Amino acid sequence: MDTQTQILIVMIAYLSLLILWGLYQGRKVKTDSDYAIAGRKLPGWVAALSERATGESSWALLGLPGAAYATGLTEIWTAIGCAGGILTAWITISWRLRDASEKYEVNTFTEFIAKKHGEVGRWIRIVGSFTIVFFFFFYVGAQFLGGGKTLESMFGVETKWGMLITAVIIIPYTIYGGFRSVVYTDVIQAIVMITALILGPIVGIIYLANHPEVFAQSVPQALDKAGTAYTSLTGGATGFMAGVVLVGGLSWFFGYLGGQPQLSMRFMAISDERQAKKARNIGIIWTIIAYIGALFIGWLGIAIFGPDGLQDQEMVMPEVFLKIFPPAIAAVLITGAIAAMISTADSLLILSSSELSENLLKPALKTQNKAKLALKHSRITTALLAVIALLLAYISPSDMIYTIVGYVWAGIGSTFSVVILLTLFWKRYHGRAVLVTIITGLIFTIIWFSSGMEKHYRVTEDTITAVEADKVPSEASSRLSVILDERFSSENRFKKELKTLYKQNEYEEYSGAIIRNASVTGVSARFLTFVVALFVAVLSSYLIPKKE
């Protein structure tokens, strides 16, 4: 039996058990509060593991290892930014949100902000919920699309069928059990993820020591052999550009300060203060171990395959595990990674559904005091959103979906981080200022991204020289002169242009070297959106009178 077949069998068994576990937990859902926030009765360990699985999923297992493989030590700043934000949220924000959620008896993220600023609560519900539903609607579609592409790359399933399989996996238990089913399936994912991130580096070090044929027999040696760009903390950049690299990595900090609704909901659902302390400790320990492990797996990839040994950098974790583990164990760990990525859609789906049903539909349909009817409406809303999001993923251009998703960390994360921080810590902050903050943050993010100021790609003369040194034939590299100094406002647009210059087999062979050596400049929207939103929030709190 080959490795791919083993992975497929393990994955079918694993996902089947996951679906059954989610449906079992759904039996305990009796009210719309159970459905939206698990009745605010989550044990601390469940909340912590669910929050970590939701926050990391494909990022900790594919994205961060892939980035560490591609850039070496430079990715440390991203890890510090993310981990710093997560630890700050658990230490200073999580228990405050839990207490406030209990005090105001809220079921959703936006409902807390609206009740806290009751003078314009209705408008906060409308603007906040509509914003979250719109952006996370596309986010769900992106997860379906990502799941489809993953199944295609791993098993040869066509993307369109892979998207449908992804939807079939997560929709039944999400519709039936809502938030409760989602968080308890997250627990399984978090355990598998942390197991992979602990075992991978340990077994990888032993593997390197016993296989002299690999690129390098230790991580330090691998980074040194890969070149100065991999041993530099700024990717070889100096002066102002070194500062841009540093700020870009650390800016991830600002998206974790309570502004990601799918994470804050886990804080709000914790049952009591004692459980909140347990959750904090587990969340902090999980994060530190996971980020060290994710970076190390990326660097192990350099040691085993060399810096140019993988066509798709984000597949470094599966490729490393297939090398260092027996096939059966690799199958289990890789399956957990794939399942964690696929099932991220459930958290985003239930968040969008709850925001829509609790804050927009329930007041309109007047079902606040009709528990069974409200629960029925919540399930119907979840089903409809799932179907529409799946259809959207089929009919919308993938680059449009990913562009809108790109706004989430800055437009939602950084903007709502300011709203949550000031709501919790500054008494002068009021409802009208909240509305101005949300609208300003979103508009600024959209302008910054669409203008290419976040990150843009250019082919320069130095790019062509570096590409030729990167073993790309001169005949192929010379074609880049057609787009010399042309600016592309996203990696997807840059890749799209490269596909017009090269045949499919050429694109697959050369695109990695071209993208790696392209001139990439820009300033992080995550950091600037936070600064702009904070400035506007403070200014509007003083200049705009509070509505009595």
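Residues numbered from 1 in each chain as written. Predicted model: local features only at pLDDT ≥ 70, side-chain atom pairs only at ≥ 80, totals over all residues. Heavy atoms only, no water.

### Observations concerning the sheet that holds strand β1 (residues 456-458)
Short version of the rule: Strands are labelled as partners when DSSP assigns at least two bridges between them. Strands here mean DSSP runs of E at least two residues long; helices mean DSSP runs of H or I at least four residues long; both are numbered from the N terminus.
The strand order across the open sheet formed by three strands is β2-β1-β3, and the pairing between neighbours is antiparallel. Two strands bound the open sheet, and with one partner strand each, they are β2 (487-488) and β3 (519-521). The pairing of β1 with β3 spans three bridges and is antiparallel. By the bridge assignment for β3, Tyr-457 is matched with Val-520.

### Let's talk about the side chain of Ser-347
Rules: N or O atoms within 3.5 Å of each other form a polar contact, as long as, within protein, one can give a hydrogen and the other can take it, and as long as residues adjacent in sequence are counted only when both atoms are side-chain atoms.
Position of Ser-347 relative to the elements: it lies in helix α15 (residues 327-365). Within polar-contact distance, the side chain of Ser-347 engages the side chain of Thr-54 at 3.3 Å.

### Quick look at the packing of helix α21 (residues 491-501) against helix α22 (residues 504-517)
Here is the rule we go by: For helices, the fitted line uses only the C-alpha atoms of the stretch in contact; every axis is such a line through C-alpha atoms, and the angle between N-to-C directions lies from 0 to 180 degrees. An angle below 35 degrees is read as roughly parallel, one above 145 as roughly antiparallel, one from 65 to 115 as roughly perpendicular, and any other as oblique. Here a crossing is taken to be left-handed if its near helix is turned anticlockwise relative to the far helix by less than a right angle, and right-handed if that turn runs clockwise. By the convention used here, residues are in contact when the closest approach between their heavy atoms is within 4.5 Å. Residues were grouped as follows: Ala, Val, Leu, Ile, Met, Phe, Trp, Tyr, Cys and Pro as nonpolar; Asp, Glu, Lys and Arg as charged; and all remaining residues, including Gly, as polar.
Contact pair α21 / α22: the axes reach a minimum separation of 11 Å and the direction vectors enclose 135 degrees. Relative to α22, α21 is oriented oblique. As α21 runs across α22, the sense of the crossing is right-handed. Counted together, Glu-491, Phe-494, Lys-495, Leu-498 and Lys-499 of α21 and Tyr-507, Ile-514 and Ile-515 of α22 form the full contact between these two elements. By residue class, the composition of the contact of α21 with α22 is five nonpolar, no polar and three charged.

### Things to note about the pattern of salt bridges
Going by this rule: What counts as a salt bridge is simple: a side-chain nitrogen of Lys or Arg found within 4 Å of a carboxyl oxygen of Asp or Glu. The cut-offs for exposure are 20% and 50% of the maximum accessible area for each residue type, with area from a 1.4 Å probe on protein chains only; residues under the lower value are buried, those over the upper are exposed, and the others partly exposed.
What the rule picks out here adds up to ten salt bridges. As a salt-bridge pair, Glu-56 and Arg-52 come within 2.5 Å of each other at their nearest N and O atoms. Taken together, the residues span about one helical turn, with Glu-56 and Arg-52 both in helix α3 (residues 44-56) at a distance of four residues. Each member of the pair, Glu-56 together with Arg-52, is buried. Asp-186 is the partner of Arg-266 in a salt bridge, and the nearest nitrogen-oxygen pair spans 3.0 Å. Residue Arg-266 is located in helix α12 (residues 261-268), and its partner Asp-186 is located in helix α8 (residues 159-209); the two are separated by 80 residues in the primary sequence. You'll find Arg-266 and Asp-186 in the same group, each marked buried. Among the charged side chains, a network of salt bridges with common partners joins Glu-51, Arg-52 and Glu-56.

### Quick word on helix α6 (residues 109-116)
Extensive coverage of α6 is indicated by the burial of six of its eight residues. Every buried residue of α6 is listed here: Phe-109, Thr-110, Glu-111, Phe-112, Ile-113 and Ala-114. Between the side-chain oxygen of the N-cap and the backbone nitrogen of Glu-111 there are 3.1 Å, and the N-cap of α6 in question is Thr-108.

### Points about unusual backbone geometry
In the Ramachandran plot, Ala-38 falls in the positive-phi region, its phi being about 55 degrees despite a non-glycine side chain. Even without a glycine there, the phi angle at Asp-485 is positive, about 65 degrees. Among the secondary structure elements, Asp-485 is positioned in the loop between α20 (474-477) and β2. A relative accessible area of 46% places Asp-485 in the partly exposed class.

### Section: the confidence of the model for the protein
Our working rule: Each residue carries a pLDDT score, the predictor's confidence in it, ranging from 0 to 100.
On average, residues of the protein score 87 in pLDDT, and 96% of them are at 70 or above. Mean pLDDT in the protein bottoms out at β3, which sits at 77, and peaks at helix α13 (residues 273-305), which reaches 96.

### What about the nonpolar core?
This is how the line gets drawn: Take the buried residues of types Ala, Val, Leu, Ile, Met, Phe, Trp, Tyr and Cys, join any two whose side-chain atoms come within 4.5 Å, and each joined set is a nonpolar core.
Residues Leu-42, Ile-113, Phe-144 and Phe-321 are the most contacted members of the largest nonpolar core, which totals 153 residues. Among the elements that take part in this core, α8 stands out by supplying 19 residues, more than any other. Those residues in contact with Phe-144 that sit more than four places away from it in its chain are Met-163, Thr-166, Ala-167, Ile-170, Ile-171, Ala-345, Ala-386, Ala-389, Leu-390 and Ala-393. Ile-464, Val-472, Tyr-502 and Ala-513 belong to the second-largest nonpolar core, a separate cluster that totals 19 residues.

### A word on the packing of aromatic side chains
Quick note on the threshold: Each Phe, Tyr or Trp ring, with Trp reduced to its six-membered ring, pairs with another whose centre is within 6.5 Å; inter-plane angles below 30 degrees give stacked pairs, above 60 give edge-to-face pairs, and intermediate values give tilted ones.
Tallied over the full model, the rule gives 19 aromatic pairs. Between Phe-254 and Phe-530, the ring centres sit 4.6 Å apart and the planes meet at 35 degrees, which makes this aromatic pair tilted. Of the two residues, Phe-254 is situated in the loop between α11 (239-250) and α12 and Phe-530 in helix α23 (residues 525-543); the sequence distance between them amounts to 276 residues. Of the two residues examined, Phe-254 and Phe-530, each falls in the buried class. An angle of 70 degrees between the planes, with centres 6.1 Å apart, marks the rings of Tyr-502 and Tyr-510 as edge-to-face. Here Tyr-502 and Tyr-510 have matching classes, each one buried.

### Overview of the side chain of Thr-415
Structurally, Thr-415 is set in helix α17 (residues 398-425). Of note is the side chain of Thr-415, whose polar atom sits 2.8 Å from the backbone oxygen of Gly-411. Not counting residues within four places of it along the chain, the set of residues in contact with Thr-415 comprises Ala-410, Thr-437, Ile-438, Gly-441, Leu-442, Thr-529 and Ala-533.

### Things to note about the packing of helix α5 (residues 76-104) against α6
Packing of α5 against α6 leaves a shortest axis separation of 10 Å and a crossing angle of 70 degrees. By the criterion of interaxial angle, the relationship of α5 to α6 is roughly perpendicular. Contacts from Leu-97, Ala-100 and Tyr-104 in α5 reach Phe-112, Lys-115 and Lys-116 in α6. For the contact of α5 with α6, the residue count by class is four nonpolar, no polar and two charged.

### Regarding a nonpolar patch on the surface
Threshold: In this analysis, a patch consists of residues with relative accessible area above 30% that form no salt bridge, clustered at 9 Å for like charges and at 5 Å for the nonpolar side chains Val, Leu, Ile, Met, Phe, Trp and Tyr. Surface exposure here means Shrake-Rupley accessible area, sampled with a 1.4 Å probe, where a residue is shielded only by the protein chains that are shown.
A cluster of nonpolar side chains, contributed by Ile-198, Leu-199, Ile-202, Ile-206, Ile-285 and Ile-289, occupies part of the molecular surface with about 510 Å² of accessible area. Sorting the residues of the nonpolar patch by element identifies α8 and α13 as the ones contributing at least two each. Looking at the nonpolar patch element by element, the count peaks at four residues for α8. Note on placement: Ile-198 falls in helix α8. Among the residues examined, Ile-198 registers a relative accessible area of 36% and is labelled partly exposed.

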